[in-house]
Amino acid sequence: MTHLDGKTVLITGANTGIGKETALDLALRGARVIMACRDVDKGEEAAASIRAAHPGARVEVRELDLADTCSIRAFAQRFLREVNQLHILINNAGVMMCPYMKTIDGFEMHIGVNHLGHFLLTYLLIGLLRRSAPARVVVVSSLAHNFGWIRFHDLHSQGSYNSGLAYCQSKLANVLFARELSRRLRGTNVTVNSVHPGTVNSDLTRHSTLMTILFTVFSMFLKTPREGAQTSIYCAVAEELHSISGKHFSDCTPAFVAPQGRSEETAKRLWDASCEQLGIEWD
């Protein structure tokens, strides 16, 4: 029942799937929702459908390509000029099991978009989040983090590549990032939690013919995007989570984190490696 009047929300990948459903829900709660999308046209279509269903919804679309650090920096510069508060950041966008590709900056696509792109975006906006506190960061991960390992010797899969393992590595990176960022933000009234949305029937599987077939066959057992968005929404608005940080949630309850996702040493090492890859200093 939480209302978000006067609050500003930023959601990446909000033009489709659980991102769009999250944007719709938070807009209905009265928030100003900024939908950061790579494809602006699709983003505007999604925003228009939200406004058509609910004329009072305050939704805006801005261009953000997480596969391009120049786009991320340009987005953040404009955002900081035009928006004076940010209460909820939902790092939702992602790619899944795509063929071997690199981002503009030469990162393997999964780790580049799912982790490094969001790492840089959060870094650029963290000052505004702290000034807007109480604030929340929600990082959309996956149950797949259980099967991931951070391959520090070959972070970008140049030696060998398996799309499934690359995806799992990036989802483990999401969990580790959320936990380490939470640790570094203690005492700031900015909380950070990661979520597993469930197995959702969405277009995230578009790069995998096998996954697309399986999702079609077993669609009756999958969550709808609206159902998949509920844990992100819960972590963004639930009043009982106002001081809960560094946790992982699924189905709106605390969830199991794999041992490799609980390693403080791995989280710190990934943090340092991410800063080095992006050419930033984030103490």
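Residues numbered from 1 in each chain as written. Predicted model: local features only at pLDDT ≥ 70, side-chain atom pairs only at ≥ 80, totals over all residues. Heavy atoms only, no water.

As annotated in an unreviewed UniProt entry, the protein chain carries the name NADP-retinol dehydrogenase and is attributed to Menidia menidia. Recorded in UniProt under Catalytic activity (unreviewed entry), the annotation for the protein chain is "all-trans-retinol + NADP(+) = all-trans-retinal + NADPH + H(+)". Here the protein chain is described in UniProt, under the heading Pathway (unreviewed entry), as follows: "Cofactor metabolism; retinol metabolism." (UniProt positions renumbered as here; feature names shortened; annotations may be inferred.)

Colleague: Would you mind going over the packing of aromatic side chains with me for this structure?
Modeller: What characterises a pair of aromatic rings is the spacing of the ring centres plus the angle enclosed by the ring planes. Counted according to the given criterion, the structure contains 10 aromatic pairs. Centroid distance Phe119 to Trp282: 5.2 Å. Interplanar angle 75°. Geometry classified as edge-to-face. Residue Phe119 is located in helix α4 (residues 109-131), and its partner Trp282 is located in the segment after α9 (264-278); the two are separated by 163 residues in the primary sequence. Side by side, Phe119 and Trp282 carry an identical accessibility label, which is buried. Through a chain of ring-to-ring contacts, three or more aromatic side chains come together here, namely Phe119, Tyr123, Phe177, Trp271 and Trp282. The ring of Phe152 carries Arg269 above its face, with NZ or CZ at 4.0 Å from the centroid. (Phe/Tyr/Trp six-rings, centres within 6.5 Å; stacked < 30°, edge-to-face > 60°. Helix = DSSP H or I, 4+ residues; strand = E, 2+ residues; numbered from the N terminus. Buried < 20%, exposed > 50% of the residue type's maximum accessible area, 1.4 Å probe, protein only. Lys NZ or Arg CZ within 6 Å of the ring centre and 35° of its normal.)

Colleague: What is the right way to read unusual backbone geometry from this model?
Modeller: The phi torsion of most residues other than glycine is negative, and most of the peptide bonds are trans. Following Ala133, the chain continues to Pro134 via a peptide bond in cis, the omega torsion being 5°. Secondary-structure assignment places Pro134 in the loop between α4 and β5 (135-140). With a phi close to 50°, Met97 is a non-glycine residue in the positive phi region. Turning to its location among the elements, Met97 is positioned in the loop between β4 (88-91) and α4. The phi angle at Ser157 is positive, at roughly 55°, despite the residue not being glycine. Locating Ser157 in the fold gives a position in the loop between β5 and α5 (163-184).

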